[in-house]
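Here are the chains, one letter per residue:
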Amino acid sequence: MVSVDKKSFKLAYINKFLELHGIDLKEGNNQQKYEALAGLIRDYVSRMWLKTNKKNNKSGQKQVYYFSMEFLMGRLLGDALLNLGIRDICKEALSELNIPLEELENLEHDQGLGNGGLGRLAACFLDSMASLNIPGNGCGIRYKYGFFEQKIVDGKQVEVSDDWLKEGNAWEMRKANKSEIVKFGGEVKVDYINNNLTFTHVNYEPVLAIPYDTPIVGYDNDVVNTLRLWSAEAVSNEFDFSSFSRGDFLKAIEYKNSIESISQVLYPEDSFYKGKILRLKQQYFFVSAGIQSIIRHFKKYGGNIEELDEKIAIHINDTHPTLAIPEIMRILVDEEGLDWNVAWRITTNTVSYTNHTILAEALEKWPIDMFKSLLPRIYMIVEEINKRYCEELWNRFQGQWQKISDMSIIADGQVKMAHLAIVGSHSVNGVAKLHTEILKKKEMSNFYYLYPNKFNNKTNGITHRRWLLKSNPKLTNLLKDTIGDSFIKHPTDLNNFQKYLSDDSVLEKLSRIKLENKKRLASTILKNQKIEVDPYSIFDVQVKRIHAYKRQILNCLRIMDLYNSLIDNPDKDIESRTFIFAGKAAPGYYLAKNTIELINSIAKTINNDSRVNNKIKVVFMENYNVSLAEQIIPGTDLSEQISTTTKEASGTSNMKFMMNGAVTIATLDGANIEIKDEVTDENIVIFGLTADEVLSYYRSGGYNSSEIYNSDIRVKRVVDDLVSGRYNPDKDRFRSIYENLVNYNDEFFVLKDFDSYVKAQNKIDMLYKDERRWQKMCGQNIAHSGIFSSDRTIEQYATGIWGSEVIYKNL
Ligand code: 26V
């Protein structure tokens, strides 16, 4: 804990400001004031950081490294203040200087180095590892440009590059002395020396990997872990001096740019995975730099390489960092001279892998030619791994050639990263119970048969520090006032809140807090989208990446249907609602971008129709990111989790919403099932096909969407309106959505689930009318959300996969 009082904080702040800017505080602008505050907090953090590092170097405790292409961190200042326990002191001290803390906090650019769930999960995990006192560090790429910023122009998404480093980054520390060289291209020279084969990589292109370290502050425990992000630079004497002397300046610049492009930009997750060479380069770049630096550090502190797996755990977040497996093998065999079998044992014991999707089209496969020419030695190692593994398969599945070829790492001219990840790690986990079952029984059943003990489930979680304490201080205070503050360190203590749900005054307070959060959200909507919404209406929210399987379209069709019924029957007794959407579409994903346009067209039509205006409104909020989520989620009444069952691996916003007292309308998909099990059927509204039904349709057919279209007149009416010109003067604008639903048999069962969705929504209306009952439901959701803290998830990873000690006490 930082022990500082208001007076000394104020003094330290004034000094820091002067030190950084050389002017009087009064003359400074807010950006300068933010920089001084961040600088001061970083000073506090640095001392603990040093202490944690020293302890780790000495203790011999197992170190966990979480490798991920994405870390969606959001803003860091508020998080640090909260975890250091000095937010109140800081706020008061600044307010005495006439500086509103929130204004400074809002100046910080979101660190948006991730697409969505997978990247945000990595960020929550870092927070939990630090808060549970687990020596756990992140390893990734310092993209110069984060996930694009979304602008909505004429209802359409326009992508703008996210220049997040433009004002500098107060939290990172460049560590040039800890750089590594990563080698691309070239050839491998094989020699036979002293009865040993040796492999020398020659004529390669060296790339300098420079680490930038960001402190990850644990909650109230003096622990500061590290997120290490790598940036690519040209090895200086490889380009400028030689080329310069020949006067070829432009060539030198071109070369420099081509090297730097490796860490230039984060790839947007697409509907289809495209094997782009730059992405493969990115993957090897950060994995190689990360593994080299881990092993260098391990040896520096006296580690015995043959005990690497006892002291180090490397976790790979999806298949993106799978090259860690052959890279460790390369170092152990080529550089450390270990026997292949020994090296293989160490490698597989060290590495563990999480799968985050069953969408076959998202699985990474690299063309052999590309792989081989970019990473010649790594390719040889993968070939050798595959050769030995296929021998094992031949023994196990004699004569079953098709099966062996299906399971091979290299087949059909491609290197299959998921296969390499499963074979080369000791643990494969899914991210929710249903998801893990589908992996075992269906998607990866052959592998489950071969390695039953590798497969396990670790249901996702979210850090309650950011998603409750930080984003919803009012609710946090009510919880502290009722159940005390033990839930902060033991989130399942939120259960104690159940006892208070028969107390009307508590329910009344809960409802007031929600209203205040809704008012805050309403003013953001007015400011950003210039739409006035009624905070007394139901805030019905679907915020997430735009994707066909997440079924924003189902939500749209239901809104169109409600609109029809209000026009048909102006006296229809419904609760007034504000439908709020937000989310980004991959730039190359036509259908997703078209969905955004549809939402905006519906919004325009409905919001301008005075006949329904006091009943329903539709809003699409621009540029969904972590900071916007922190505002939207506490102000939500109804959480939309309506993916096609079996498709959403887990979902994590579902957990954030429940923790903030929203009621969920959901399909039995991903972690929704576990949420339902926790809150019980009375406190969630479930609809739609079950997993068995969906799987059976996919397996045996039998679904005909046009039958529904032709038989349900409500469905026909809304689907026809997609192409009638009612929502957009260009009748063909949404033609492809129409075609997908009617003529391409509706792959995601939108029409099939429509009726049950409408009924579920009517049930929501009915429940909401009974205010007391509704508040109780909200309270039950909060009370049962503790299990979905990422502290629980991380404890399960630590004990079940990484074999790290979990020590709660402070340093
Ligand atoms: C795939 C690709 C393909 C090529 C280009 C860039 C790119 C980036 C990411 C991905 C994989 C995305 C997988 C993913 O985000 N899965 C989500 O993981 C969440 C955390 O486990 C989970 O809650 C969501 O249900 C799941 O969709």
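Small disclaimer: the values here were computed from a predicted structure and weren't measured. (Residues numbered from 1 in each chain as written. Predicted model: local features only at pLDDT ≥ 70, side-chain atom pairs only at ≥ 80, totals over all residues. Heavy atoms only, no water.)

**Quick notes on the site of the ligand**
Phase 1: Close to the ligand lie 20 residues, the nearest being His-356, Asn-460, Glu-648, Ser-650 and Gly-651.
Phase 2: Take Ser-650: an N or O atom from its main chain is 3.0 Å from an oxygen atom of the ligand.
Phase 3: Between the ligand and Gly-651 there is a distance of 2.8 Å, counted from an oxygen atom to a backbone nitrogen or oxygen.
Phase 4: For the ligand, whose accessible area on its own is 600 Å², the fraction buried by protein is 93%.
Phase 5: The element contributing the most residues to the shell around the ligand is helix H6 (residues 117-131), with three residues.
Phase 6: Here the shell around the ligand is built from residues that sort into eight nonpolar, eight polar and four charged. (Near = heavy atom within 4 Å. Polar contact = N/O pair within 3.5 Å; in protein donor to acceptor, adjacent residues only side chain to side chain. Areas by Shrake-Rupley, 256 points an atom, 1.4 Å probe, with all protein chains shown as cover. Helix = DSSP H or I, 4+ residues; strand = E, 2+ residues; numbered from the N terminus. Nonpolar A, V, L, I, M, F, W, Y, C, P; charged D, E, K, R; others polar.)

**Considering the sheet that holds strand S16 (residues 410-411)**
Phase 1: The three strands lie next to each other as S15-S17-S16, forming an open sheet whose pairing is antiparallel. Looking at strand neighbours, the two that pair on one side only are strand S15 (365-367) and S16, the edges of this open sheet.
Phase 2: In this structure, S16 lies alongside strand S17 (residues 414-416), joined through two bridges in antiparallel fashion. Across the sheet, residue Ala-411 finds its bridge partner in S17, namely Gln-414. (Pairing = 2+ DSSP bridges.)

**Describing the packing of helix H11 (residues 324-335) against helix H14 (residues 376-396)**
Phase 1: With their axes 9 Å apart at the nearest point, H11 and H14 run at an angle of 95° to one another. What the angle tells us is that H11 and H14 run roughly perpendicular. Mapping the contact onto sequence places Ile-325, Pro-326, Glu-327, Met-329, Arg-330 and Asp-334 in H11 and Arg-377, Ile-378, Ile-381, Val-382 and Ile-385 in H14.
Phase 2: Taken together, the residues of the contact of H11 with H14 break down into seven nonpolar, no polar and four charged. (Axes fitted to C-alpha atoms, helices over the stretch in contact; angles between N-to-C directions. Parallel < 35°, antiparallel > 145°, perpendicular 65-115°, else oblique. Contact = heavy atoms within 4.5 Å.)

**Quick word on the nonpolar core**
Phase 1: In this structure, Ile-41 and Phe-371 are the most contacted members of the largest nonpolar core, which totals 141 residues.
Phase 2: Dropping the residues within four chain positions of it, Phe-371 is found in contact with Leu-280, Leu-323, Trp-366, Ile-378, Tyr-379, Val-382, Val-415 and Met-417.
Phase 3: Ala-548, Leu-557, Val-694 and Ile-764 belong to the second largest nonpolar core, which has 68 residues in total. (Core = buried A, V, L, I, M, F, W, Y, C linked by side-chain atoms within 4.5 Å. Buried < 20%, exposed > 50% of the residue type's maximum accessible area, 1.4 Å probe, protein only.)

**Things to note about the environment of Asp-24**
Phase 1: You can see Asp-24 is positioned in the loop between helix H1 (6-21) and helix H2 (30-59).
Phase 2: Expressed as a C-alpha distance, the spacing of Asp-24 and Ile-14, which sit 10 residues apart in the sequence, is 8.6 Å.

**Some words on the sheet that holds strand S23 (residues 638-641)**
Phase 1: Pairing within the open sheet is parallel, and its six strands lie in the order S22-S21-S20-S23-S24-S25. On the outer flanks of this sheet lie strand S22 (616-621) and strand S25 (685-686), each paired with one strand and no other.
Phase 2: Across six bridges, the pairing between strand S20 (residues 538-543) and strand S21 (residues 577-582) is parallel. Note on S21: the bridge partner recorded for Asp-540 is Phe-579.

**Focus: unusual backbone geometry**
Phase 1: Here the phi dihedral of Arg-551 falls at roughly 60°; this positive angle occurs in a residue that is not glycine.
Phase 2: Looking at the secondary structure, you find Arg-551 in the loop between S20 and helix H23 (552-568).
Phase 3: The class of Arg-551 is buried, set by a relative accessible area of 0%.
Phase 4: One non-glycine residue, Thr-680, lies in the positive phi region at around 70°.
Phase 5: The topology assignment puts Thr-680 in the loop between helix H27 (672-679) and S25.
Phase 6: Relative accessible area serves as the criterion here: at 35%, Thr-680 is assigned to the partly exposed category.

**A few points about the packing of helix H24 (residues 590-607) against helix H31 (residues 735-742)**
Phase 1: Put simply, H24 and H31 touch, their axes get as near as 9 Å, and they point 110° apart. As summarised for this structure, H24 and H31 are arranged roughly perpendicular, according to the angle between their axes. Handedness of the H24/H31 crossing: left-handed. The residues of H31 that touch H24, namely those facing Tyr-590, Leu-591, Asn-594, Thr-595 and Leu-598, are Ser-736, Ile-737 and Asn-740. (Left-handed = near helix turned anticlockwise from the far one by under 90°.)

In short, the description is geometric, and any link to function would need to be established separately.
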